[in-house]
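Topology and contacts: notes
If you want the building blocks of each chain, they are given just below.
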Amino acid sequence: CSSRRRDCERRRRSPPETIDLPAAMADEHKALGNAAFSAGNYADAVKHFTDAIGVDAANHVFYSNRSAAYAALNDFDAALNDAEKTVAIKPDWVKGHSRKGAALYGLKRYDDACDAYRKGLDLEPDNDACKSGLADAETAAVRAMGAAGDGGDPMASIGAMLSSPELYGKLATNPATRGFLSQPDFIAMLTDVQKNPDKFGSYMSDPRMMQVLSVALGINVMSGEDAMKNPDNMFNKGEATVPNVTKTTPPPPAPEPTPMAVEPEPEPEPAGPKAEAKKEKELGNAAYKAKNFDVALEHYDKAIALDGEDISFITNKAAVYFEKGDFDSCVKACDDAVEKGRELRVDYKLVGKAMTRKGNALVKLDRLEDAIEVYGKSLMEHRNADTLKRLNETERELKERKMKAYLDPAKADEAREKGNELFKEQKYPEAVEQYTESIARNPDDHRVYSNRAACYTKLTAFNEALKDAEKCIELKPDWAKGYTRKGHVEFFTKQYDKALETYQEGLKHDPNNEELKDGLYRTHVEIRKGSTGQVDEKELAERQQRAMADPEIQGIMSDPVMRQVLNDMSTDPKAAQEHQKNPMVMAKIQKLINAGIVQTR
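Residues numbered from 1 in each chain as written. Predicted model: local features only at pLDDT ≥ 70, side-chain atom pairs only at ≥ 80, totals over all residues. Heavy atoms only, no water.

1. What to know about the overall build of the protein
Put simply, the rule is: Secondary structure follows DSSP: runs of H or I at least 4 residues long count as helices, runs of E at least 2 residues long count as strands, and numbering of each begins at the N terminus. Here a residue-residue contact requires only that any non-hydrogen atoms of the pair lie within 4.5 Å. Note on areas: Shrake-Rupley, 1.4 Å probe, and residue coverage restricted to the protein chains presented here.
Each helix and strand in the protein was counted, giving 32 helices and zero strands. Of the contacts made within the protein by residues no fewer than 6 positions apart, 53% connect residues no fewer than 24 positions apart. Carbon together with sulfur atoms contributes 51% to the accessible area of the protein, which is approximately 33200 Å² in total.

Here's what the structure looks like:
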């Protein structure tokens, strides 16, 4: 009997070795905390997570969850302490940085919040929580700076929030507002408010606008009817309120940017197949960075087999194929990602990213037109600066290739000769068409620009004629005909000072050119008429007005020294004689005379 009693006592004192009591207790406290958080009992959630930490103080998840609960209570100092503890225990866990960013946002330390979110994105570039948090923090920082500079105009603040480029993405991914984007009257209302923030008050009775304001602010704003029923809870507890802009009394100062909402529930680390898939993805990422592409593909395939609802595994495969140079496989992987994304209704940004990657592969395959089409579709999903840049570059490359493929000097000469015949027949529009065709076939032939400039001059299209004449001079600076064309345009438009300079420049290259000499003579005659009062007042005023549009003339007239010189020439003959000894001063005075600004009568 005594032996049996000793065995029973030993068994009673020794618990089964297979049960880990501390771990089980900690998990139980964590589960209770998650349940309390989901029910909105944040204080109870804090208590349960604290109990879990008391059992296992080295578990980073408990601190992360308690940080979220503190943030829900607007105790952002405590939330920041727990977030920093989370990062200290597990610095490579992206959610810890996300928690830290949310707490800093709540403390209105927006620049620090941006840094926290960026560190999270360094660990996981595709993390949606960090990307959206960073966007919100950057917007809040700009909004806070704007409020400090403009006195805090409430309507300007609301207008800035509703004009944010991220707003449409938030509305599209929010189940409560997604349907609004298909309603024409809603789009018209939102567009009107974005253009005229002062009209916001007239739309506050529309519950859809209150939903939009909730999404923009990151808080639960009640409709006017509900607010009347429960005025003490117009916003979630602890949140700032928005003034009623429809009242006739002066509105109170605009609220400071509201902290964004915390994540809806502090989730534990993934378990089961999804957790295994995430591990495989991380292994694939590591292999990709090490350029072990075949190994990376194996890990991504395993991740896809474990979790078929995350298209990032597929787009990562596409990235591997791209680096391997297997662009056809990259295109197929991107198509698979888009198809799966449509099926699962994933974020538009993810679909757009897959399309952009496909476009990059099509560029490498030299299928530029297909790439342009795909880039355009990607921008319809999500407007991204990088995608837009790639689209513009590809369009420019395609245009240059088509231009080069069209080059043919022999056909260019044929078109030029046809243009010459049409010019002789005074069929100037038809001649312009042939000269344009010739330029497309051979854009380096200066003669065609000169000929087309002559056609444009006959058609009194002086702006086009001037451009062609200047292009002719650019291609062949020592060819006198280019200066003749340019000088004639300037003469006909009564820019005699410029015509004079052009004819003189042309004569430097061909001193005996009769057309240039004649143009110079006729220009001197017109300048002399203007300077001696031989033109009517209307024409003189037109010349002066046209001359004052010239930056060089403006510079001379705004020069204090030149203003004094002009004054001395009309009031002090002795001083005027001294000024005439200065060649730089006289050159400027001659410029004003040629332009019709100064008269010598």
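More follows now that the structure is in view.
2. Regarding the pattern of salt bridges
So the rule is basically this: The term salt bridge refers to a pairing of a side-chain nitrogen on Lys or Arg with a carboxyl oxygen on Asp or Glu at a separation within 4 Å. Relative accessibility under 20% of the residue-type maximum defines a buried residue, over 50% an exposed one, and the middle range a partly exposed one, all with a 1.4 Å probe and only protein chains included.
The tally for this structure, following the rule as stated, stands at 41 salt bridges. Its salt-bridge partner being Asp335, residue Lys358 comes within 2.8 Å of it at the nearest N-O pair. Of the two residues, Lys358 sits in helix 18 (residues 348–364) while Asp335 sits in helix 17 (residues 327–344), which places them 23 residues apart along the sequence. The partly exposed category is assigned to Asp335, whose relative accessible area is 33%. Between Lys471 and Glu474 there is a salt bridge, with the nearest N and O atoms lying 3.6 Å from each other. With Lys471 and Glu474 both in helix 24 (residues 462–475), this residue pair falls three residues apart, about one helical turn. We classify Glu474 as exposed; its relative accessible area is 55%. Through salt bridges with shared partners, one network takes in Asp413, Arg416, Glu417, Asp445 and Arg447.

3. Observations regarding the state of the cysteines
Convention followed: When the sulfur atoms of two cysteines come within 2.5 Å, that pair is taken as a disulfide.
Tallied over the full model, the rule gives zero disulfides. Looking at the unpaired Cys334, the closest cysteine sulfur is the one in Cys330, lying at 4.2 Å. Take Cys334: its relative accessible area is 1%, and that puts it in the buried class.

4. Quick look at the packing of helix 5 (residues 76–89) against helix 6 (residues 94–106)
To keep things clear, this is the line we draw: Axis geometry follows a simple rule: fit a line to the C-alpha atoms, using only the stretch in contact for helices, then measure angles between N-to-C directions, giving values from 0 to 180 degrees. Angles are sorted into four bins: roughly parallel if under 35 degrees, roughly antiparallel if over 145, roughly perpendicular if 65 to 115, and oblique for all others. Two helices that cross are described as forming a left-handed crossing if the nearer one is turned anticlockwise from the farther one by less than a right angle, and a right-handed crossing if clockwise. Polarity classes work like this: nonpolar for Ala, Val, Leu, Ile, Met, Phe, Trp, Tyr, Cys and Pro, charged for Asp, Glu, Lys and Arg, and polar for all others, with Gly in that last group.
Two elements in contact, helix 5 and helix 6, have axes separated by 8 Å at closest approach and are oriented at 160 degrees. In terms of axis orientation, helix 5 runs roughly antiparallel to helix 6. Crossing hand, helix 5 versus helix 6: left-handed. Residues Phe76, Ala79, Leu80, Ala83, Glu84, Thr86 and Val87 of helix 5 form the contact with helix 6, whose participating residues are Gly96, His97, Arg99, Lys100, Ala102, Ala103, Leu104 and Gly106. Of the residues assigned to the contact of helix 5 with helix 6, the class counts are eight nonpolar, four polar and three charged.

5. Details of empty space enclosed by the protein
Selection criterion: Space inside and on the surface of the protein is sampled on a 1 Å grid over the protein atoms alone, with a cavity defined as a set of points where a 1.4 Å probe fits but cannot get out and a pocket as an open set with protein on both sides within 12 Å along at least 5 of 7 lines; lining residues have an atom within 4 Å of a point. Grid points are joined across faces, edges and corners, and a volume is the space filled by probe spheres set on the points.
Per the stated rule, a full pass over the model turns up two cavities of 30 Å³ or more. What lines the second largest cavity is simply Asp126, Ile311, Ser312, Thr315, Leu350 and Lys353. Looking at the lining of the second largest cavity residue by residue, the class counts come to two nonpolar, two polar and two charged.

6. A closer look at the packing of aromatic side chains
Definition in use: Note on aromatic pairs: the rings of Phe, Tyr and Trp (six-membered ring only in Trp) are paired at centre separations within 6.5 Å, and the planes decide the class, stacked below 30 degrees, edge-to-face beyond 60, tilted for the rest. Should the NZ of a Lys or the CZ of an Arg lie within 6 Å of a ring centre and within 35 degrees of the ring normal, that charge is described as sitting over the ring.
Counted by the stated rule, this structure contains nine aromatic pairs. Relative to Phe492, the ring of Phe462 has its centre 6.4 Å away and its plane inclined at 35 degrees; by these criteria the two rings are tilted. Separated by 30 residues along the polypeptide, Phe462 in helix 24 and Phe492 in helix 25 (residues 480–492) bring together distant segments of the chain. Residue classification places Phe462 among the partly exposed positions, given a relative accessible area of 23%. These aromatic residues form a ring-pair network of at least three members: Phe462, Phe491, Phe492 and Tyr496. The side chain of Arg522 reaches across the aromatic face of Phe491, ending 4.5 Å from its centre.

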